[in-house]
Amino acid sequence: MKRFPAALMTLVLCLGLSACGHFVSIMPGDPSVGQTVGADQTPEPKDFFREQDLLSFMRWDEFAANYYDDTPIALSIRTGAGGYASPVFDRGSIISACDALRSMTVTGRVGDTGGAAESKTTFSFTMENGNQYVVTFSDGYLDLSTGLYAVSGGEALWGIVFPGYGGDFDVFDLYFSDSVRAFADDFNTNTPVSVGRRSNGGATLTSQDPAVVTQVFQLLANATVARVEESPDQNIDLTQATDYIFTMADESYFTFTFTGPCLTVTASADYGPVYYWLNGVDDLPNITILPESTVPTFSGGPITGMREEIAQAQAAANGQLEGITVLGVYVDYNIQGQHGYLTLSGETANNFVRQVTSINAAAETTTPLGEDITVCVTLSDQSGPIIVFTGDTVQQMVGANHACDINAMADLRATIQTLAQDANNIGHVIQNTSD
């Protein structure tokens with residue numbers, strides 16, 4: 001009989017808890033998780049789904065509360081099985097996308113996930129710290145690991161334009177820069193005074209010919225985005241960079257860089273470079289850009305007498321120019337069927353410049369024959385010559401080649417081969433920083 005009071009007390013407690021309600025465990029993502037059903041309410045059916053705004057449904061509450069102040073630095077889209085991530089960086093588009101997601105309502109579960117890749121569209125919001133918020137839709141349904149969900153609202157999300165996925169996006173829009181956009185729009189009234197081409201950080205060939213300036217600009221202006229390269233380290237040569245530099249009358253300039261065949265744009269330093277394959281720019285490398293100043297006459301002798309910038313490079317290598325030194329030398333060569341390159345610095349670069357600039361050349365021009373050696377000298381003031389040898393000739397300017405001393409050319413080729421062998425592999429980089 002002593003056990004009766006304890007049993008009675010247990011029964012009373014159980015009845016009291018039942019009167020308060022019971023916990024209902026439901027699918028992750030449903031707004032009813034953690035709620036109770038009162039004793040005076042009818043329990044909800046097992047398949048009941050309560051509508052909820054999309055960002056709360058996805059547990060993006062912190063994102064929803066902060067995106068106006070802590071705005072993502074980029075928004076990218078990827079569509080279809082063969083799609084690529086194409087980003088936009090303007091705050092207007094990014095905020096519009098965030099607002100569109102916030103206006104969406106999840107209205108019900110319609111099936112399991114795992115639809116065809118061709119039907120999927122993924123939006124990725126990249127934050128300044130590198131974190132990403134990613135949402136995927138399949139045929140218009142929200143696609144989560146727990147299933148497909150019907151949504152309503154948010155139509156503005158599908159109106160955002162991304163490079164390569166349609167819309168009026170030109171090369172200059174890719175920079176998301178007001179100054180670059182103004183440069184393009186005002187080209188006819190504020191035409192650059194020159195255009196230059198620079199390869200791998202070497203010397204810049206420059207033309208002040210308005211026809212050449214316009215030709216380069218028009219090829220860029222008429223180009224279209226084919227796609228975005230997502231694996232640049234695998235599919236393009238990251239060691240080959242070509243800059244096209246437009247200089248304005250006020251000495252400001254605009255640089256457009258190609259890495260391999262891809263236009264390379266860094267619209268956000270935190271996001272990093274984006275590599276765009278373009279349609280319509282195949283002729284860019286074929287445009288003839290002459291040096292800004294050339295010497296049309298040459299009386300023979302050391303090639304330092306051919307052009308002023310060659311003489312300046314020799315003087316810098318000899319320490320004869322106050323404050324100007326040889327920063328580096330880039331050599332691209334074809335010797336006996338072997339193609340490679342060298343990057344020289346320090347005293348190695350100075351010695352190489354002295355050797356090259358001391359080669360004698362004849363006064364008369366001749367037809368260039370043989371394999372190429374291209375020498376790009378960069379001085380500390382960012383000037384410097386590009387010297388092109390073809391066989392045993394040296395180019396003074398386009399269309400004017402002079403025969404060089406045969407023995408001096410043999411010595412030059414031997415020096416290049418020795419430098420390559422010292423690197424244990426032809427084409428390796430030589431770094432010699434000794435003074």
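First things first, this report covers the structure right here in the doc. (Residues numbered from 1 in each chain as written. Predicted model: local features only at pLDDT ≥ 70, side-chain atom pairs only at ≥ 80, totals over all residues. Heavy atoms only, no water.)

With that settled, consider the overall build of the protein. Looking only at helices and strands, the protein has 10 helices and 25 strands in total. Looking at the protein alone, contacts between residues at least 24 apart form 64% of all its contacts between residues at least 6 apart. Total accessible area on the protein stands at roughly 22,400 Å², and carbon and sulfur atoms take up 50% of it. (Helix = DSSP H or I, 4+ residues; strand = E, 2+ residues; numbered from the N terminus. Contact = heavy atoms within 4.5 Å. Areas by Shrake-Rupley, 256 points an atom, 1.4 Å probe, with all protein chains shown as cover.)

This paragraph deals with the sheet that holds strand β9 (residues 141–144). Spatial strand order, β3-β6-β10-β9-β8-β7-β4-β5: 8 strands in an open sheet with antiparallel pairing. In this open sheet, the two edge strands, each paired with only one partner strand, are β3 (52–53) and β5 (86–88). (Pairing = 2+ DSSP bridges.)

Here we take up the sheet that holds strand β14 (residues 241–247). With antiparallel pairing, 7 strands are arranged side by side in an open sheet as β12-β11-β14-β15-β16-β17-β13. The open sheet terminates on both sides in strands that have one partner only, identified here as β12 (204–207) and β13 (224–229). Neighbour-to-neighbour, the strand axes of the sheet open up by a mean angle of 30°, direction not taken into account. Note that strand β11 (residues 194–199) and β14 share 6 bridges and pair antiparallel. When the bridges of β14 are listed, Arg197 appears paired with Tyr244. Docked against the sheet, helix α5 (residues 178–185) engages β14 and β15 (253–259), running at close to 100° with respect to β15. (Axes fitted to C-alpha atoms, helices over the stretch in contact; angles between N-to-C directions.)

Attention shifts here to the nonpolar core. Counting residues in each nonpolar core, the largest one holds 67 residues, and the members touching the most others are Leu101, Phe256 and Leu263. Each residue touching Leu101, except ones within four places of it in the same chain, is listed here: Leu54, Leu55, Trp60, Phe125, Val135, Phe137 and Leu157. Of all hydrophobic cores here, the second largest spans 35 residues; its members include Phe298, Met306, Val375 and Leu379. (Core = buried A, V, L, I, M, F, W, Y, C linked by side-chain atoms within 4.5 Å. Buried < 20%, exposed > 50% of the residue type's maximum accessible area, 1.4 Å probe, protein only.)

Further remarks concern the packing of helix α9 (residues 346–357) against helix α10 (residues 406–422). It is at 10 Å that the axes of α9 and α10 come closest, and there the two elements cross at 165°. The angle between α9 and α10 falls in the class roughly antiparallel. Relative to α10, α9 is oriented so that their crossing is left-handed. When α9 is examined against α10, the residues Thr348, Phe352, Gln355 and Val356 are found in contact with a partner set consisting of Asp411, Leu412, Thr415, Ile416 and Leu419. Looking at side-chain class alone, the contact of α9 with α10 contains 5 nonpolar, 3 polar and 1 charged residues. (Parallel < 35°, antiparallel > 145°, perpendicular 65-115°, else oblique. Left-handed = near helix turned anticlockwise from the far one by under 90°. Nonpolar A, V, L, I, M, F, W, Y, C, P; charged D, E, K, R; others polar.)

What follows covers the side chain of Ser207. For Ser207, the position within the fold is in strand β12. The class of Ser207 is buried, set by a relative accessible area of 7%. Here the side chain of Ser207 touches Asp209 through a polar contact of 3.2 Å, landing on its backbone nitrogen. (Polar contact = N/O pair within 3.5 Å; in protein donor to acceptor, adjacent residues only side chain to side chain.)

Taken together, the side chains of Glu62, Asp69, Asp70, Glu128 and Asp270 present a region of like negative charge at the surface. Residue placement: Glu128 occurs in the loop between β7 (120–126) and β8 (132–138). (Patch = residues over 30% accessible without salt bridge, like charges linked within 9 Å, V, L, I, M, F, W, Y side chains within 5 Å. Salt bridge = Lys/Arg side-chain N within 4 Å of Asp/Glu carboxyl O. Lys, Arg positive; Asp, Glu negative; His and termini not counted. Charge placed at Lys NZ, Arg CZ, Asp CG, Glu CD.)

Any pair of aromatic rings gets described here by the distance separating the centres and the angle formed by the planes. Within the structure shown, the criterion is met by 29 aromatic pairs. Judged by centre distance (5.5 Å) and plane angle (65°), the ring pair of Phe63 and Phe125 falls under edge-to-face. Here Phe63, found in helix α3 (residues 61–66), pairs with Phe125, found in strand β7; they are 62 residues apart in sequence, far enough to count as distant. Neither residue differs from the other here; Phe63 and Phe125 are each classed as buried. Plain terms: the ring middles of Tyr175 and Phe256 are 5.4 Å apart, the flat faces sit at 90° to each other, and that makes the pair edge-to-face. Here Phe256 lies in strand β15 and Tyr175 lies in the loop between β10 (147–152) and α5, a separation of 81 residues in the sequence. An aromatic cluster is built from Phe172, Tyr175, Phe183, Phe187, Phe217, Phe246, Phe254 and Phe256, whose rings are joined through pairwise contacts. (Phe/Tyr/Trp six-rings, centres within 6.5 Å; stacked < 30°, edge-to-face > 60°.)

What follows concerns the pattern of salt bridges. In this structure the tally under the stated criterion is 12 salt bridges. Its salt-bridge partner being Asp173, residue Arg181 comes within 2.6 Å of it at the nearest N-O pair. The residue Arg413 makes a salt bridge to Asp392 at a minimum N-O spacing of 3.0 Å. With a gap of 21 residues between them, Arg413 in helix α10 and Asp392 in the loop between β23 (386–390) and β24 (393–397) connect regions that are remote in the sequence. On the basis of relative accessibility, which here comes to 27%, the residue Asp392 falls in the partly exposed class.

For the rest of this paragraph, the subject is α9. With 12 residues, α9 ought to run about 16 Å at 1.5 Å a step, and its terminal C-alpha atoms sit 17 Å apart, in line with that. Those residues of α9 that sit buried are Thr348, Ala349, Asn350, Phe352, Val353, Val356 and Thr357. (Expected span 1.5 Å × (residues − 1).)

If you trace the backbone, Gly154 turns up in the loop between β10 and α5. Put simply, Gly154 and Ser96 are 58 residues apart on the chain and 9.7 Å apart in space, counted from C-alpha to C-alpha. Beyond its immediate sequence surroundings of up to four residues, Gly154 is in contact with Ala100, Ser103 and Met104.

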